[in-house]
Amino acid sequence: MIAHTADARRPVPYRPVADVACAASHEHALVTAVLYELAEQGRHRRAVETAVVAGSERRADRGQVLAAAVVLLGVVVGLVAILAGAPVPGAGLAATALGSGALAYGVGGRAPRG
């Protein structure tokens, strides 16, 4: 949100820059203050980007582990069904689990186009 001056046509400058602009008797101090603020903003942006990327990587890793667990569970349940005397449904379940895992692995990493 940007605060506006009384005439509502110009935005009010950020507080640190406004303070330095009022107190600076030499333009070097103002330039130094502006460059410092820009450097601080860059450091903050990089820190936020690092946190966002790290969180995204953690979510992707967790999703891969969960998908592998679901595929493994499907295969195990299919094998148990085969051993229990239902070879056709068991084989179907195991094949479906393996097929969905292979499909997710092959297609899951592609970004949508558009």
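Everything quoted here is computed from the prediction, not taken from an experiment. (Residues numbered from 1 in each chain as written. Predicted model: local features only at pLDDT ≥ 70, side-chain atom pairs only at ≥ 80, totals over all residues. Heavy atoms only, no water.)

Trainee: Describe the packing of helix α2 (residues 27-83) against helix α3 (residues 87-107), listing the residues and the values that go with them.
Mentor: At their nearest, the axes of α2 and α3 sit 7 Å apart, and the two run at 165° to each other. Our classification of the angle between α2 and α3 gives roughly antiparallel. For the pair α2 and α3, the sense of crossing is left-handed. Residues V71, G74, V75, V77, G78, A81 and I82 of α2 pack against P87, G90, A91, L93, A94, A97, L98 and G101 of α3. Residue composition of the contact of α2 with α3, grouped by class: 11 nonpolar, 4 polar and no charged. (Axes fitted to C-alpha atoms, helices over the stretch in contact; angles between N-to-C directions. Helix = DSSP H or I, 4+ residues; strand = E, 2+ residues; numbered from the N terminus. Parallel < 35°, antiparallel > 145°, perpendicular 65-115°, else oblique. Left-handed = near helix turned anticlockwise from the far one by under 90°. Contact = heavy atoms within 4.5 Å. Nonpolar A, V, L, I, M, F, W, Y, C, P; charged D, E, K, R; others polar.)

Trainee: So, a nonpolar patch on the surface: which residues are in play, and what are the values?
Mentor: Residues L30, V31, V34, L35 and L38 make up a contiguous nonpolar surface patch of about 400 Å² in total accessible area. The exposure class of V34 is partly exposed, given its relative accessible area of 33%. (Patch = residues over 30% accessible without salt bridge, like charges linked within 9 Å, V, L, I, M, F, W, Y side chains within 5 Å. Areas by Shrake-Rupley, 256 points an atom, 1.4 Å probe, with all protein chains shown as cover. Salt bridge = Lys/Arg side-chain N within 4 Å of Asp/Glu carboxyl O. Buried < 20%, exposed > 50% of the residue type's maximum accessible area, 1.4 Å probe, protein only.)

Trainee: Summarise α2; cite the residues concerned and give the values.
Mentor: Taking 1.5 Å as the rise per residue, α2 with 57 residues should run 84 Å; its terminal C-alpha atoms sit 84 Å apart, in good agreement. Restricting attention to buried positions, one finds in α2 the residues A33, G42, G55, G74, V75 and G78. Count one or two residues on from α2 and you reach G85, which has phi positive near 110°. (Expected span 1.5 Å × (residues − 1).)

Trainee: Can you lay out the confidence of the model for the protein chain for me, pointing to particular residues and giving the numbers?
Mentor: Of all residues in the protein chain, 71% attain a pLDDT of 70 or more, and the chain-wide mean is 78. Of all helices and strands in the protein chain, the one with the weakest mean pLDDT is helix α1 (residues 15-23) (56), whereas α2 scores best (88). Here residues 1-5 is modelled with pLDDT under 50, and outside its nearest four sequence neighbours on either side it reaches 8 contacts, counting other chains as well. (pLDDT = per-residue confidence, 0-100.)

Trainee: So what about α3? Which residues, and what values?
Mentor: In a regular helix each residue adds 1.5 Å, so 21 residues correspond to 30 Å; α3 covers 29 Å between its end C-alpha atoms and thus fits that length. Within the sequence span of α3, burial applies to G90, A94, A97 and G101. Projected down its long axis, α3 shows its buried positions confined to an angular sector of 60°, all on one face. Exposed residues pointing more than 90 degrees away from the buried face of α3 are listed as V88, P89, T96 and L103. Among the structural elements, α2 are those in contact with the buried residues of α3. (Arc of directions from axis to C-beta.)

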